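Coordinates in review
Here is how the chains run, residue by residue.
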Amino acid sequence: MVLVYLLLLVAIMLINRTFFGMKIMPTDVFSVIWCIFAATASLGVLGYYPTNFTTNMMIIVTILVFNGAFILFYGLGNKNYNSISDKKETDILKNTHINFWVMIGLNVVSWAVSLPYLKNTIRVILTEGFEALRYYTYQYGEDGNLVNQIVSTNAQLFFTWIVLPVFTATMAITGVLLMIKHKHRVVFLAVSIIDAFVYVALFGGRGIILKLVSLILISAIITGEKKPLQFIVKHKALLAVVSVLFIVLVWLTLQRSFAGMSVLENIYAYVAAPFIFLQTVLEEYPLTTTPTLWGTATIGGIVSVIGIVGKIFFGVDFAAPENTIPLVTGGYLQIGEGITFNSMTTMIYPFLRDYGYAGIVVGPAIFAMAVAFVCRNYEKNRTLRGLCIFVYLFHTVIFSVQNYTFFKLEAWMILVFIFVFTTKVKIKNGSIYFS
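Numbers given for residues are sequential positions, taken from 1 along each chain in its written order. The predicted nature of this model means local features are confined to residues of pLDDT at least 70 and side-chain atom pairs, given and counted, to a pLDDT of 80 or more, with totals for whole chains, interfaces and linings taken over all residues. Only hydrogens and water are removed before side-chain values are computed, so all heavy atoms of the structure are retained for them.

Section: the nonpolar core
- Trp34, Ile63, Phe367 and Leu393 are the most contacted members of the largest nonpolar core, which has 136 residues in total.
- Looking at which element gives the most residues to this core, the answer is helix α6 (residues 153-179), with 15 residues.
- Whether two residues are in contact is decided by their heavy atoms: any pair within 4.5 Å suffices. Setting aside anything within four residues of it in sequence, one finds Trp34 in contact with Ile59, Thr62, Ile63, Phe275, Thr346, Met347, Ile348, Ser400 and Val401. Residues belong to one nonpolar core when they are buried, are Ala, Val, Leu, Ile, Met, Phe, Trp, Tyr or Cys, and are joined through side-chain atoms within 4.5 Å. Whether a residue is buried, partly exposed or exposed follows from its accessible area with a 1.4 Å probe, protein chains only, as a fraction of its type maximum: under 20%, in between, or over 50%, in that order. Working definition: helices are DSSP H or I runs of at least four residues, strands are E runs of at least two. Numbering for both runs from the N terminus.

Here it is in structure tokens:
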């Protein structure tokens, strides 16, 4: 299977160059990550079970559909696929408005809300370590909800649906501001770093630091110089900051759940193991034994809002996909000799729950269509808001190797806060205008 994946990757790269020239597109990064790590997962190295023929076929179809759908939807109405590849994105932004005090205010409020809990979580870190904190704050209950022994359920939901989206939206915007050399870029870089360390101290996860680093790098990919050396010279201070964050990320990784393994083994566990876990979940819980979600996981965050409204105003309990899917994926299953894993099933599993095995076609096609729409919208309108949303969608494409982000409300709230932070509101003649 390794040869098949490598040939598939080469073919996709050649096709993408035909359509997009040398411009790096989401499909390029998606294909590199999925092909390389799916290939390694098929080998059964490091004590992991190898992926079987059925799983590899699902992965290959997913890769092909995502690439084909992106090219199709991106190209509809575009006479020239490569129309902007010879320009720097930052040279042609038409609108760079940000709501400075709204961003600062919501971040400060988020820090203030965190303070009462930080004294307890920091005590756990100092006495028992990050692994213990993660255990206390990130376990799934029988109902599919996260069980947090330090933070109350309502506070946990507030952090997940409000605080984390505020932090992530700020980071996505910060990455872009750094690349376009916005006058407030240093302020928001400092805010983003504080956000990251506050969240690490609250929940023991290092994902927030990886998210900050990746959003900055994605912004650089989209808006950077074509000549790497020129980019390094222009952004050497920023690269120093990113390097320090990366070192902290590595250190935290070695403190956490896969401690005792090398950094490369940790990386494998988080980007190749999801393919194996997907296979194991389907073996342990066949689709014929789990309820079909009928498309609700694809827009799961929106369905969660409907469920919340129904419960508050009508007293109706409705289990949204972000609650029902963890009932299956939240438990630890064996994916190798003495190796257990949970939670991450790549983006494929929610689509399988929505559409059955047709999900490997329908789901990636819908996701690719959304990414292509956002990409085209940014290229057409050239706004800071459009660019920030594109950066975030690019991020979700990269991490689709772990999960499909939009089956959770958190992802949709990030988009809401990007809109809030970057949209100018005008009231004229009794009417409200957004720009």
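A closer look at the pairing of strand β3 (residues 333-336)
- One requirement defines pairing of two strands: DSSP has to find at least two bridges between them. Alignment of β3 against strand β4 (residues 339-341), held across three bridges, turns out to be antiparallel. Of the residues in β4, the one forming a bridge with Gly336 is Ile339.
- Here β3 folds back onto β4 in antiparallel fashion, the turn holding two residues, of which Gly338 has a positive phi close to 75 degrees.

Quick notes on the confidence of the model for the protein chain
- Residue-level confidence of the predictor, termed pLDDT, takes values from 0 up to 100. Mean pLDDT for the protein chain: 86, with 86% of residues reaching 70 or above.
- The weakest mean pLDDT in the protein chain belongs to strand β2 (residues 146-147) at 57; the strongest belongs to helix α15 (residues 348-355) at 98.

As for the packing of aromatic side chains
- Each aromatic pair joins two rings of Phe, Tyr and Trp (for Trp, the six-membered one) with centres within 6.5 Å, and gets the label stacked for planes under 30 degrees apart, edge-to-face for over 60, and tilted for any other angle. In the structure shown here, the tally under the stated rule is 24 aromatic pairs.
- Both rings, one in Phe30 and one in Trp34, keep their centres 5.0 Å apart while their planes meet at 25 degrees; by these two values the pair is stacked. With a gap of four residues between them, Phe30 and Trp34 both fall in helix α2 (residues 26-41), about one helical turn apart.
- Judged by relative accessible area, which is 0%, Phe30 ranks as buried.
- Centre to centre, the rings of Phe351 and Tyr404 are 4.7 Å apart; their planes meet at 55 degrees, and the pair counts as tilted. With Phe351 in helix α15 and Tyr404 in the loop between α17 (384-398) and α18 (409-422), this residue pair connects regions lying 53 residues apart in the sequence. Each of the two residues, Phe351 as well as Tyr404, counts as buried.
- Chaining the aromatic ring pairs together yields one cluster made of Phe30, Trp34, Phe66, Phe275, Phe351, Phe367, Tyr392, Tyr404, Phe406 and Trp412.

Brief notes about the environment of Thr168
- Within the secondary structure, Thr168 is located in helix α6.
- A relative accessible area of 0% means that Thr168 is categorised as buried.
- C-alpha separation for the pair Thr168 and Ser192, spaced 24 residues apart in sequence, amounts to 8.3 Å.
- Discounting chain neighbours no more than four positions away, the residues touching Thr168 are Lys211, Leu215, Tyr392 and Ile414.

Remarks on the pattern of salt bridges
- Salt bridges are defined as contacts in which a side-chain nitrogen from Lys or Arg sits within 4 Å of a carboxyl oxygen from Asp or Glu. Scanning the entire structure with this criterion turns up two salt bridges.
- Asp28 serves as the salt-bridge partner of Arg17, at 2.9 Å between the closest nitrogen and oxygen. Separated by eleven residues along the polypeptide, Arg17 in helix α1 (residues 2-20) and Asp28 in helix α2 bring together distant segments of the chain.
- For the salt bridge of Glu410 with Lys211, the shortest nitrogen-to-oxygen distance reads 3.7 Å. Taken together, the positions of Glu410 in helix α18 and Lys211 in helix α8 (residues 207-223) put the pair 199 residues apart, joining distant regions of the chain. Here the two residues Glu410 and Lys211 agree in accessibility, since each one is buried.

Focus on helix α5 (residues 130-137)
- Listed in full, the buried residues belonging to α5 are Phe130, Ala132, Leu133 and Thr137. One side of α5 holds all its buried residues, which, seen down the axis, span an arc of 160 degrees. To be clear, the arc concerns the directions from the helix axis to the C-beta atoms.

Re unusual backbone geometry
- Even without a glycine there, the phi angle at Thr346 is positive, about 60 degrees.
- Following the sequence through the fold, Thr346 ends up in the loop between β4 and α15.
- Phi angles above zero are rare outside glycine, and Arg382 is one such case at about 55 degrees.

Points about α18
- With 14 residues, α18 should cover 20 Å at 1.5 Å per step; its first-to-last C-alpha distance of 20 Å lies within 8% of that length.
- Within the span of α18, buried status applies to Leu409, Glu410, Ala411, Met413, Ile414, Leu415, Phe417, Ile418, Phe421 and Thr422.
- Buried residues along α18 sit against α4 (100-128), α6, α8, α13 (300-314), α14 (321-329) and α17. An expected span of 1.5 Å times one less than the residue number is assigned to each helix.

Concerning the packing of α6 against α17
- Packing of α6 against α17 leaves a shortest axis separation of 9 Å and a crossing angle of 115 degrees. With respect to α17, the axis of α6 lies roughly perpendicular. Considering the relative orientation of α6 and α17, their crossing is right-handed. Judged by residue contacts, Thr168, Ala172, Ile173, Val176 and Leu177 of α6 engage Leu384, Leu387, Cys388, Val391 and Tyr392 from α17.
- Its residues assigned to classes, the contact of α6 with α17 comprises nine nonpolar, one polar and no charged. Axis lines are fitted through C-alpha atoms, for helices just across the contact stretch, and the angle between N-to-C directions can take any value from 0 to 180 degrees. Convention used here: angles under 35 degrees read as roughly parallel, angles over 145 as roughly antiparallel, angles from 65 to 115 as roughly perpendicular, and any remaining angle as oblique. Crossing chirality is assigned from the near helix's rotation relative to the far helix, an anticlockwise turn below a right angle marking it left-handed and a clockwise turn marking it right-handed. Ten residues, namely Ala, Val, Leu, Ile, Met, Phe, Trp, Tyr, Cys and Pro, are considered nonpolar, four, namely Asp, Glu, Lys and Arg, are considered charged, and the remaining ones, Gly among them, are considered polar.

Some points on empty space enclosed by the protein
- Lining residues are defined by having an atom within 4 Å of a point belonging to a cavity or pocket. Those points lie on a 1 Å grid over the protein atoms alone, cavities being sets where a 1.4 Å probe fits but cannot get out and pockets being open sets with protein on both sides within 12 Å along at least five of seven lines. Grid points are joined across faces, edges and corners, and a volume is the space filled by probe spheres set on the points. For the coordinates displayed, the defined rule picks out one cavity of 30 Å³ or more.
- Of the voids in this model, the largest cavity is the one considered here, and its volume is about 80 Å³.
- Forming the walls of the largest cavity are eleven residues, and the residues nearest its centre are Ile325, Thr329, Ser343, Asn403 and Phe407.
- Of all the elements in the fold, those that place two or more residues in the lining of the largest cavity are α14 and α15.
- For the lining of the largest cavity, the leading source of residues is α14, giving three residues.

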